[in-house]
Amino acid sequence: DSLAHGPRRKIILESYAPSGVDVKGLIQVGASPEDGDIVGEDKIVHMNGSVVAFPDACYLFNATKPSEVTLETLSVVKLYHPTVEYLFIGSDRPIHPRELERINKDFRKSDIVVQHFDIMNAMGSFNILNGEDRRVACVLIIDPNS
């Protein structure tokens, strides 16, 4: 319930699989619930593939391996308003250290802290800081071949 206050519902990254990420908070049960649903309850949506999540929105992200995570592909995070304080990048394989340093250096100019984690820790860190009303974003790279 702490994630249900404010003008917009907050995104919760529930779980992931090789096919994608389960996201809670994108849609709610409407006035005509199906069997077992409660009006106003958050539904879980499975987003097929990698995602970029913000406090109140989640979008598909066109990358399937860490080598596709670059300063250019992450530019969408800089377009989000209000500007985020933290960006967590989650992948089960490492991002090339040179590219990660390039990303860190550029995002630092905008006062955005970038951290790379495995997928589960990136999801958990995002959920915790989002629950604390921090301005946070999370990119999860889901490799369908893993």
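Look up a bit, the structure's there.
Definitions and cut-offs
Residues numbered from 1 in each chain as written. Predicted model: local features only at pLDDT ≥ 70, side-chain atom pairs only at ≥ 80, totals over all residues. Heavy atoms only, no water. Helix = DSSP H or I, 4+ residues; strand = E, 2+ residues; numbered from the N terminus. Buried < 20%, exposed > 50% of the residue type's maximum accessible area, 1.4 Å probe, protein only. Contact = heavy atoms within 4.5 Å. Areas by Shrake-Rupley, 256 points an atom, 1.4 Å probe, with all protein chains shown as cover. Expected span 1.5 Å × (residues − 1). Polar contact = N/O pair within 3.5 Å; in protein donor to acceptor, adjacent residues only side chain to side chain. Pairing = 2+ DSSP bridges. Axes fitted to C-alpha atoms, helices over the stretch in contact; angles between N-to-C directions. Phe/Tyr/Trp six-rings, centres within 6.5 Å; stacked < 30°, edge-to-face > 60°.

> Run through the overall build of the chain, naming residues and quoting values.
Scanning the chain for helices and strands turns up three helices and eight strands. Ordering the α and β elements of the chain from the N terminus gives β-β-β-β-β-α-β-α-β-α-β. The burial tally for the chain puts 41% of its 146 residues in the buried class. Excluding contacts between residues fewer than 6 apart, the proportion of contacts in the chain whose partners are at least 24 apart in sequence is 65%. When the accessible surface of the chain is totalled, it reaches about 8100 Å², and 51% of it is carbon and sulfur.

> Describe helix α3 (residues 119–131), with residues and values.
Compared with an ideal rise of 1.5 Å per residue, which puts 13 residues at 18 Å, α3 spans 18 Å between its outermost C-alpha atoms and is within 8% of the ideal. What α3 keeps buried is the set I119, A122, M123, F126, N127, L129 and N130. Of the surrounding secondary structure, the elements contacted by the buried residues of α3 are β1 (12–17), β4 (51–54), β6 (86–90), β7 (113–117) and β8 (136–140). Two or three places before M120, at the start of α3, stands the capping residue D118, its side-chain oxygen 3.2 Å from that residue's backbone nitrogen. Just beyond α3, the residue with positive phi is D133, at close to 65°.

> Help me get a handle on the sheet that holds strand β2 (residues 20–28), residues and values and all.
Strand pairing in a sheet relies on backbone hydrogen bonds, with the paired strands running either antiparallel or parallel. An order of β1-β2-β3 is seen for the three strands of this open sheet, with the pairing classed as antiparallel. The two strands at the open ends of the sheet, each matched to only one other strand, are β1 and β3 (42–48). Strand-to-strand twist across the sheet, computed as the mean angle between neighbouring axes with direction ignored, equals 35°. Pairing analysis gives five bridges linking β1 to β2, with the strands arranged antiparallel. By the bridge assignment, S15 is partnered in β2 with D22.

> So what's going on with the packing of aromatic side chains? Residues and values would help.
Scanning the entire structure with this criterion turns up four aromatic pairs. Residues F88 and F117 carry aromatic rings whose centres are separated by 5.6 Å and whose planes lie at 45° to one another, so their mutual orientation is tilted. Taken together, the residues F88 in strand β6 and F117 in strand β7 connect sequence positions 29 residues apart. Residue classification places F88 among the buried positions, given a relative accessible area of 4%. By the ring-pair criterion, three or more aromatic residues cluster together here, those being F54, Y59 and Y80.

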